[in-house]
Structure formats: C-alpha cells, structure tokens
Amino acid sequence: RVVAVVANDPAQESAANAAVMALRNAGIAAEMAYRGNAKRQIEVARKRNAVAIVIMRGSEAEQPIHIQHLEDDIDAQRATANRILAALQLPMTGS
C-alpha cells in the first residue's frame, strides 16, 4: 500500500514533491499524483486505499506535517509514522 502526500496549499507543492522523493528513496511507496484541492486529494487517497496520508503544512506551522492514518492497527500506525518521519528526517513519535 502507498503513502499519499498532499500539499495543504499550492505553496507547499515543492515540499510535497521533495517528501515523495525522500519517502521513495527510503523504500516507502509514495505518490502525489492527485488533482484538486487538499480535501479532494485526501478523498482520492482514501479511495485508492492509501496506508497513510502525509499532509504538508509548511515550515511556518507548529508541526510542518500531519500524518493521517488509514489503518486500524495502532502498532502498524506507529511503525508507519516512524518510517515516514525517519525518511523525512523529522523526530520520531513516542512509543
């Protein structure tokens, strides 16, 4: 299953593309090929059965990304989040 990356606004598209490349370089299947605004992109990611959605908020935000999990298993969510954060070189979540 794939991790979808969504730009919260058009100004974040280059950061989102960089995130997709970083995730792919870390061996994580990632894509950002959806059209429309962020809400529409999230809807499409859900329909395509993404494992998680990484929403790029921008460097001025308190948290530059938000990870929305689309799987039920808490351990799997934590593992996915930690792999994403490691690939993007961000601090890991608590265990």
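Report on the accompanying structure. (Residues numbered from 1 in each chain as written. Predicted model: local features only at pLDDT ≥ 70, side-chain atom pairs only at ≥ 80, totals over all residues. Heavy atoms only, no water.)

### Re the environment of Gln12
Going by this rule: Comment: elements are numbered from the N terminus, with helices defined as DSSP H or I runs of at least four residues and strands as E runs of at least two. We call a residue buried when its accessible area falls under 20% of the maximum for its residue type, exposed when it is over 50%, and partly exposed in between, using a 1.4 Å probe and counting protein chains only.
By the secondary structure assignment, Gln12 is in the loop between β1 (3-7) and α1 (13-25). A relative accessible area of 11% means that Gln12 is categorised as buried.

### As for the sheet that holds β1
Threshold: Two strands form a pair only when DSSP identifies at least two bridges running between them. The contact rule is simple, with two residues in contact once any of their heavy atoms fall within 4.5 Å. Each axis is a line fitted through C-alpha atoms, taken for helices only over the stretch in contact, and angles between the N-to-C directions span 0 to 180 degrees.
In space, the 4 strands of this open sheet follow the order β2-β1-β3-β4, with mixed pairing throughout. Looking at the sheet topology across the chains shown, the edges are occupied by β2 (30-31) and β4 (65-69). Note: β1 against β2, 2 bridges, orientation parallel. Looking at β2, one finds that Val3 is bridged to Ala30. Each of β1, β2 and β3 (52-56) is contacted by α1, which is oriented at about 165° to β1, the strand it contacts most.

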